[in-house]
Amino acid sequence: MHDRRIPEWLRHAPAPSVRGFAVLAGTEAIARGILISVFPLVMYRALGDALAVSKVYFFVGLASLGLGLLIPYLTRFVARRWIYVVGTQMFAGGALLTLLGTPLATVAGLSLVTCAVVTTFVCFNAYVLDYVAKIELGQLETSRLLYSALGWTAGPVLGVFLYRWWPAAPFLIAATAAYGMLVVFLVMRLGNGRLITKSRAAPANPFAYFHRFFAQSRLITGWLFAVIRSCGWWVYVVYLPIYAVENELSPQLGGIAQSVSNAALFLAPLMLRFIHRTSLRTAIRTGFLMAGLFFLLAGLPHGVPQLAVAGLMAGAFFLILLDVSAGLPFLLAVKPSERTEMSAIYSSFRDVSGILTPGVAWLVLLAAPVSGVFVAGGVGLLAAWKLAQGLHPRLGQARITVEGGARRPDEAVGLPVFQGELGAERSEPV
């Protein structure tokens, strides 16, 4: 009798929607976007040397990689919802810890924020695989980019200007946004995912799924695309502000350039239309080729810092095209029974790029200026362009059905497909 007085949405929580996940991603974009241009400046100011900054980022990347791969193992003991909650608190704690301003506090704050990003990312991917249908993944990716566009566009330039006005301001905003992520997560009532069962078997080794990953060349190729694309962003985000400071340009230039480049996120629907009109293979090859050429142009010894900045900004536009397209080859390759484990393996691209980029920069800076890092990034992007030559030409195009036959849900126009066997269980968010 009392049940009649309880609202329906409290008794039976509605299934999380694409819009809900997009809002959650947009809130995260505010938290990360406001700090993305500030942390390189804070690290450079605290350590005083680009080589030292590369070393710190290298070891922080190692730590976050290990944590990301251990999360599937931890979910055997701790509910996924609590891991996500801890991730948001790590983000807020790292931002607040950096306010102390000492080199040790700055490195510790960067470490907490980086580990928080990988923690929430793995959980977010697993929730998407639980609640979003395969035919809606393309819509989710476009919505995610649109909802994140404001945070990634206004955040970098706002962060550097607020940091100059009051150094604590961007970190306080980031901590507030992290708590906003927690609120949105609780309102969505995601719980522990759709499959909530207590396993009687012993907890699996966190590295046990590597053989499944390495046995499928499509997974490896898609993961490499994500790694190299992320390396391009690392070069742009970390070393552009340092390059500006060392060449006596405005310290705010890095944040301004990132905001201008990220404004291309609003063009995500047009980019998706370009993919549909051509092919996913064409879009991926175009993105890697043009980004690589512009990064090489930025790194050439021309003696004009403004030209280097312009080249990096042009290359970043094509990195956004890769954000829309380069993760899709991995899209249909994960079974529901492996969703958490493969999500962790796939999300490791951020940490691997966070190790690979500062590691290569560490070596480059021993013999060359910061512009040499741009050349190394361009070479990597062109290597991915060559690798993308092996993608199937019909990747991303609608399948041709037999006359009179029904079109399966996974054969809808605009859904990317990969050469080979397609299973209805395979899906993976970008």
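Residues numbered from 1 in each chain as written. Predicted model: local features only at pLDDT ≥ 70, side-chain atom pairs only at ≥ 80, totals over all residues. Heavy atoms only, no water.

So, a nonpolar patch on the surface
There is a patch of nonpolar side chains on the surface, built from Val23, Leu146, Tyr147, Leu150 and Phe266 and spanning about 450 Å² of accessible area. Take the nonpolar patch: its biggest share by element is three residues, from helix H7 (residues 137–165). Positionally, Leu146 belongs in helix H7. The partly exposed category is assigned to Leu146, whose relative accessible area is 34%. (Patch = residues over 30% accessible without salt bridge, like charges linked within 9 Å, V, L, I, M, F, W, Y side chains within 5 Å. Areas by Shrake-Rupley, 256 points an atom, 1.4 Å probe, with all protein chains shown as cover. Salt bridge = Lys/Arg side-chain N within 4 Å of Asp/Glu carboxyl O. Helix = DSSP H or I, 4+ residues; strand = E, 2+ residues; numbered from the N terminus. Buried < 20%, exposed > 50% of the residue type's maximum accessible area, 1.4 Å probe, protein only.)

Thoughts on empty space enclosed by the protein
Scanning the entire structure with this criterion turns up five cavities of 30 Å³ or more. Taken as a whole, the largest cavity spans an internal volume of roughly 1,100 Å³. Listing elements by their share of the lining of the largest cavity, those giving two or more residues are helix H2 (18–36), helix H3 (38–47), helix H4 (50–74), helix H6 (103–131), H7, helix H10 (217–246), helix H11 (253–262) and helix H15 (339–365). No other element matches H6, which puts eight residues into the lining of the largest cavity. Partitioning the lining of the largest cavity into residue classes produces 28 nonpolar, nine polar and eight charged. (1 Å grid on protein atoms, 1.4 Å probe; cavity = no way out; pocket = protein on both sides within 12 Å on 5 of 7 lines; lining within 4 Å. Points joined across faces, edges and corners; volume = space filled by probe spheres on them. Nonpolar A, V, L, I, M, F, W, Y, C, P; charged D, E, K, R; others polar.)

Observations concerning the packing of H2 against helix H8 (residues 169–188)
Two packed helices can be described by the angle between their axes and the distance between those axes. Packing of H2 against H8 leaves a shortest axis separation of 8 Å and a crossing angle of 165 degrees. If you check the angle between H2 and H8, you find them roughly antiparallel. The handedness of the crossing between H2 and H8 is left-handed. Residues Gly20, Phe21, Val23, Leu24, Thr27, Glu28, Ile30, Ala31, Ile34 and Leu35 of H2 pack against Pro170, Phe171, Ile173, Ala174, Ala177, Ala178, Gly180, Met181, Val184, Phe185 and Met188 of H8. Within the contact of H2 with H8, the residues separate by chemical class into 17 nonpolar, three polar and one charged. (Axes fitted to C-alpha atoms, helices over the stretch in contact; angles between N-to-C directions. Parallel < 35°, antiparallel > 145°, perpendicular 65-115°, else oblique. Left-handed = near helix turned anticlockwise from the far one by under 90°. Contact = heavy atoms within 4.5 Å.)

Remarks on the side chain of Thr98
Along the polypeptide, Thr98 turns up in the loop between helix H5 (80–97) and H6. Classification of Thr98 as buried rests on a relative accessible area of 3%.

Remarks on the nonpolar core
Core analysis: the largest hydrophobic core is formed by 106 residues, its most contacted members being Phe21, Phe91, Tyr239 and Phe288. Top contributing element to this core by residue count: H10, with 13 residues. Apart from the residues within four sequence positions on either side, Phe91 is in contact with Ala31, Arg32, Leu35, Val113, Ala116, Val117, Ala174 and Ala178. Formed by 12 residues, the second largest nonpolar core is a distinct cluster that contains Phe213, Trp223, Val227 and Phe330. (Core = buried A, V, L, I, M, F, W, Y, C linked by side-chain atoms within 4.5 Å.)

Concerning helix H16 (residues 371–387)
For H16, with 17 residues, the first-to-last C-alpha span of 25 Å sits near the 24 Å given by 1.5 Å per residue. Those residues of H16 lying buried are Ser371, Gly372, Val373, Phe374, Gly377, Gly378, Leu381 and Ala384. (Expected span 1.5 Å × (residues − 1).)

Details of the packing of aromatic side chains
Tallied over the entire structure, the rule returns 18 aromatic pairs. Taking the centre distance of 4.4 Å and the plane angle of 20 degrees together, the rings of Tyr84 and Phe185 count as stacked. Of the two residues, Tyr84 sits in helix H5 while Phe185 sits in helix H8, which places them 101 residues apart along the sequence. The exposure class assigned to Tyr84 is buried, which follows from its relative accessible area of 2%. Of the residues examined, Phe185 reaches a relative accessible area of 3% and is grouped as buried. Here the aromatic rings of Tyr243 and Phe374 are separated by 5.3 Å at their centres, their planes lie at 65 degrees, and the arrangement is edge-to-face. Remark: Phe374 occurs in helix H16 and Tyr243 occurs in helix H10; sequence separation between them is 131 residues. Like Tyr243, the residue Phe374 is buried in the burial classification. Taken together, the ring pairs in this structure connect Phe58, Phe59 and Trp362 into an aromatic cluster. Here the basic side chain of Arg80 rests over the ring of Tyr127, its NZ or CZ set 4.6 Å away from the ring centre. (Phe/Tyr/Trp six-rings, centres within 6.5 Å; stacked < 30°, edge-to-face > 60°. Lys NZ or Arg CZ within 6 Å of the ring centre and 35° of its normal.)

Topic: the pattern of salt bridges
Under the definition given, this model contains two salt bridges. Ionic pairing is found between Asp323 and Arg229, a salt bridge with its closest N-O pair at 3.3 Å. Placement of the pair is Asp323 in helix H14 (residues 305–325) and Arg229 in helix H10, with a sequence separation of 94 residues. Like Asp323, the residue Arg229 is buried in the burial classification.

Topic: the packing of helix H13 (residues 280–299) against H16
Contact geometry for H13 and H16: axes closest at 7 Å, N-to-C directions at 160 degrees. With respect to H16, the element H13 is oriented roughly antiparallel. Classified by chirality, the crossing of H16 by H13 is left-handed. Residues Arg285, Phe288, Leu289, Ala291, Gly292, Leu293, Phe295, Leu296, Ala298 and Gly299 of H13 lie in contact with H16, whose contacting residues are Ser371, Phe374, Val375, Gly377, Gly378, Val379, Leu381, Leu382, Ala384 and Trp385. Classifying every residue of the contact of H13 with H16 by side-chain character gives 14 nonpolar, five polar and one charged.

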